[in-house]
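Each chain, written out:
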Amino acid sequence: MNIVGPSRLVLLRSGKYDYGEVELARPLHLVGANNVGKTSLISVLQFLYLDDQRTMHFSRDMAETRRYYFPDHNSYILFECLTPAGYQVVGVQGRGPMHSYEFQRFAYQGQYDLADFIDEERRIRPPEEIHARLSSREFRKLEPRHLQAALTGLGENLGVNLGLVPIRQRDHYPRFRAAFSNLLRLAHLRQDELKQFLLDIHQGEFQQRSIDLETGYSSQYRKVCREAEELRELKAIADDVRRVLDLARERDQLRQQLPGLWEAIRNAYSAMEEDISRQKLEFDIRTTELAEEERQKLSREKEVKEQVAEVLQQIGDLKGRLKRHTEEAREFQGYLPDFERTRQQQLETEMERLGSALAQGVGENPARVRERIARTEADLNRLLRQKERSAGNFSSHLLQLIPEQALEDLFRLGNPDILGLPLGPEGVVLRDADKFEGCLRRLSDRVRDGIYSDEAIEIHLDALGAPDLKPYLDAETLEERIVELEASLAREQKVLEAAENFAHLEAGKKAFQQEWRQIVAGLARFETFQENEPKAKVWEKERQGLEKEHQTLSRELDGLEARRLELGEERARLEEEGKRLERRKNQMLNRVQALVRPDPEWPLLTWAETSLDLPELCNRYELLSRDQDAATRRLSEEFQRIEQRTYGKYLGGSEAETLANLQSELDALEERENAAQELWRGLAVSLQNAFKGLLRDLETLQSRIDELNRRLGKISISNLARLKLILREHPEWTKRIRTVVDAEALPLFGDSSSIAQAHQNLGDLLSQHRKVELADLFDLHFEVTSADGQTKRYPHLDSIESNGTTITIKVLINLILLKGLLTHKEVSIPFYLDEASSLDRDNLAAIVAEARRMGFVAVLASPEAMEAADHLYFLREENGRVILDPKTALVRIERRLNEAG
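Note that the coordinates shown come from a computational prediction; the quantities given were computed from them, not determined experimentally. (Residues numbered from 1 in each chain as written. Predicted model: local features only at pLDDT ≥ 70, side-chain atom pairs only at ≥ 80, totals over all residues. Heavy atoms only, no water.)

Let's talk about the pairing of strand β15 (residues 791–794)
Part 1: Two strands pair when backbone bridges link them, and strand β14 (residues 778–786) and β15 are joined in this way by four bridges, in the antiparallel orientation. Its bridge partner being in β15, Thr 785 is matched across the sheet by Thr 791.
Part 2: Where β14 folds back onto β15 in an antiparallel hairpin, the turn is made up of four residues, including Gly 789, whose phi is positive at roughly 95°. (Pairing = 2+ DSSP bridges. Helix = DSSP H or I, 4+ residues; strand = E, 2+ residues; numbered from the N terminus.)

What follows is the structure, encoded as structure tokens:
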């Protein structure tokens, strides 16, 4: 099973390390010369376990330490941790000189990957690039409070649950910080420090760590005495006070009733007068209201009739829509819209094809087109024959005799087709070539400057068109002419086809257009039908709603006339009621004016008897006024007598305050007697129980020290047979505690001599001692039994036997105490042990093995390698810098099962 804890520590450009990486899951040994950076490497564990840098301890002050570990923003310390939520990395990044070399913690999910921080060229990536690479792994920046919460699982942790410090109680983390710092530094373990640490660790098991006699008990004692004297004085005048209070209550009850009764009379009369005035006006107001109501009813009747007409029109419109929709539903039953759309597309294609064909035959006469085709075919056939015999035709022979320009001039006079004839029996036969050549030259010589001239005639050749001799002289030109004629012939044939079938094609196109229009119209109507399909239900619902509205309006019209008949009857009734109320008002006015008003200073309370009418209220007011006058006279006489006996002790700022003081004292008399008695008894019992609690806590602490001794007894330490922690009580304190006062059973108001003695004994105790602490009751010593049986006691753990033995004991004591702060969850916590070579092999092995059993990973350091740890890291410094790469610096020690522990 994997144990929660840090698994890897990595330094990037931090301290002396350009790169440093060590595994923390198993005991390891840093091997290197002094000042090579062993201590500075492992001291960075404080950045993981301690939230507040003020509690950290380094060889330099904190400002210099920050500058050492975090010289710029490319400085990182990374802790890969196995947590209950899987692997997570806690990082610390420097913020550079602009921020006083402060640092920022962060965390993200997953294991440490070198590529997240180092690029392919072995350079540290820019912070924003690192942040971008880690953003998909729940990257979080952590404040100190977030780190503490993430370590302990208590508080706001921003979703980062490390679980590395599963403390027993919420307030144990500050103690963990102190113990962890002690363990890293192996500070001296003095008696007072050990006492305080033991008390802090087991704080939750103690009930009474201290007793503050001055604050908790002296004031209570003085209070008991003061209460007893005051209660004796009050009991002497209790009967007189009761008579005064009874008279005051009687008088005040009358005074409380009279103002309220007077107000009830005034309110009753005012209410009656207002009611009469209101009801007298009611007839006129109501008559106006009835006339207005009648007008509104007539207006409403007109509106309703108009609404009925509008509703009937809407109903007719909806019925028409529903009828049309029903007819369309029958029409489109079995309608196939996809088939119609496909047919529409086919028709559009056919119409486009026919339109193109018709465009070719528009305005063409078939006979003329056939004539053009015949001429074109003849020209084409001629050129094809000419092409077949172009290799040996007459033109090629003539070009050997005269120039091409001369040949062109001659054939302006003759038929150029001669040039295309072949030399031979089927074309041109030269009987005498020499004579023909001479004749040809003589004929050519007669052409000068574009003019043919002989003895008989002169012809200007420029007036004649020049023959096109290219087809006879150039085979390529001949081929182009043939291709042009073939294309022209194909076009003419299509035109002929279109001209001959024009009427048929035009009729077909019109038929297609007619069918296309029908399909488009049908699809449009079908789409409209589909759009109206969901609306039809709404129309039907609207029609039904309008039918109901029509019925409602009809009923409203029937009710308007009936209401008008009721208005006249109500008018006559109101007129008679107004006359009767006016007579009643005049009768009661005379009776109220005869009453005397109460004093304005008397309290005004609401009159409770609401069932009385105005005459009965007036009778009751006269009776209560006479009783109030008599009670006031008797009260004045009794109150004066009490004031003379008490010298005005209970006198207040007013008579009401004085009476309230007397009432309060009298009401609390019995309760105060019981409270004073309980206060006295509680004082003694509380003090006794507090001292008993101290003794129980002392026993609890002894049992915890016994447990510590049992753990120490299982560990083998060289040259020592046994090591024990001894708790020695202070007898002068424990004797006083066991003989504390037993006055809890004495009654406070019993025998005066016993009370005085109890007061004296308790008072002496409280005056002699101000505060008692649990730490005052004992001392601690270390008892060491050597191998030869000699036993010695040491008050402090500074130097016991040898230095190596002292270091061993201090490490084990610190580990056990630190373990006491944690729950039973399996966690692994690294700790540092410098100068391991100063310990012998057995003690070093005992430390490593016992640490492993308690969940701690030993990190050893020394100049020479030793076999106590599982991993050896060899540190070497070059030019003041260290690169610690496990690939080159780590040596793993494989152990047999019986050696692995």
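Structural notes on the pairing of strand β3 (residues 28–31)
Remark: a regular strand shows side chains that alternate across the two faces of the sheet.
Part 1: Burial along β3 is two-sided: Leu 28 and Leu 30 facing one way and His 29 and Val 31 facing the other are all buried.
Part 2: In this sheet, strand β17 (residues 856–862) lies alongside β3 in parallel orientation, the contact comprising four bridges. Across the sheet, the residue bridging to His 29 is Leu 860, located in β17.
Part 3: Pairing of β3 with strand β18 (residues 871–874) involves four bridges; the strand directions are parallel. Bridge assignment links Leu 30 to a residue of β18, and that residue is Tyr 873. (Buried < 20%, exposed > 50% of the residue type's maximum accessible area, 1.4 Å probe, protein only.)

Concerning the side chain of His 781
Part 1: Checked against the element boundaries, His 781 lands in strand β14.
Part 2: Since its relative accessible area comes to 17%, His 781 is described here as buried.
Part 3: When neighbours within four sequence positions are excluded, His 781 is seen to be in contact with Gln 191, Lys 724, Leu 725, Ile 726, Arg 728, Arg 793, Tyr 794 and Pro 795. (Contact = heavy atoms within 4.5 Å.)

Observations concerning the environment of Leu 727
Part 1: Looking at where Leu 727 falls in the secondary structure, it is placed in strand β12 (residues 720–729).
Part 2: In this structure Leu 727 comes out as buried when scored by relative accessible area, which is 13%.
Part 3: Separated by 50 residues in sequence, Leu 727 and Leu 777 place their C-alpha atoms 9.8 Å apart.
Part 4: Setting aside anything within four residues of it in sequence, one finds Leu 727 in contact with Leu 698, Leu 701, Gln 702, Ile 705, Phe 778, Asp 779 and Leu 780.

Here's the deal with the confidence of the model for the protein
Part 1: Here the protein averages 81 in pLDDT, while 85% of its residues score no lower than 70.
Part 2: The low-confidence segment residues 741–746 (pLDDT under 50) makes 15 contacts with residues lying over four places distant or belonging to another chain.
Part 3: Low pLDDT, under 50, characterises residues 897–901; the predicted model gives this stretch two contacts beyond four residues in sequence or across chains. (pLDDT = per-residue confidence, 0-100.)

Considering the pattern of salt bridges
Part 1: Per the counting criterion, the structure on display carries 50 salt bridges.
Part 2: Linking Glu 21 and Arg 8 is a salt bridge whose minimum nitrogen-to-oxygen distance equals 2.6 Å. Taken together, the residues span a long stretch of sequence, with Glu 21 in strand β2 (residues 17–23) and Arg 8 in strand β1 (residues 5–14) at a distance of 13 residues.
Part 3: Among the residues examined, Glu 21 registers a relative accessible area of 10% and is labelled buried.
Part 4: In this structure, Glu 547 engages Arg 543 in a salt bridge whose closest nitrogen and oxygen atoms are separated by 3.7 Å. One end of the pair is Glu 547 and the other is Arg 543, both in helix α17 (residues 502–592) and four residues apart, which spans about a single turn.
Part 5: Taking the relative accessible area as the measure of exposure, Arg 543 reaches 19% and is therefore buried.
Part 6: When salt bridges with common partners are traced through the structure, they connect Arg 8, Glu 21 and Glu 80 into a single cluster. (Salt bridge = Lys/Arg side-chain N within 4 Å of Asp/Glu carboxyl O.)

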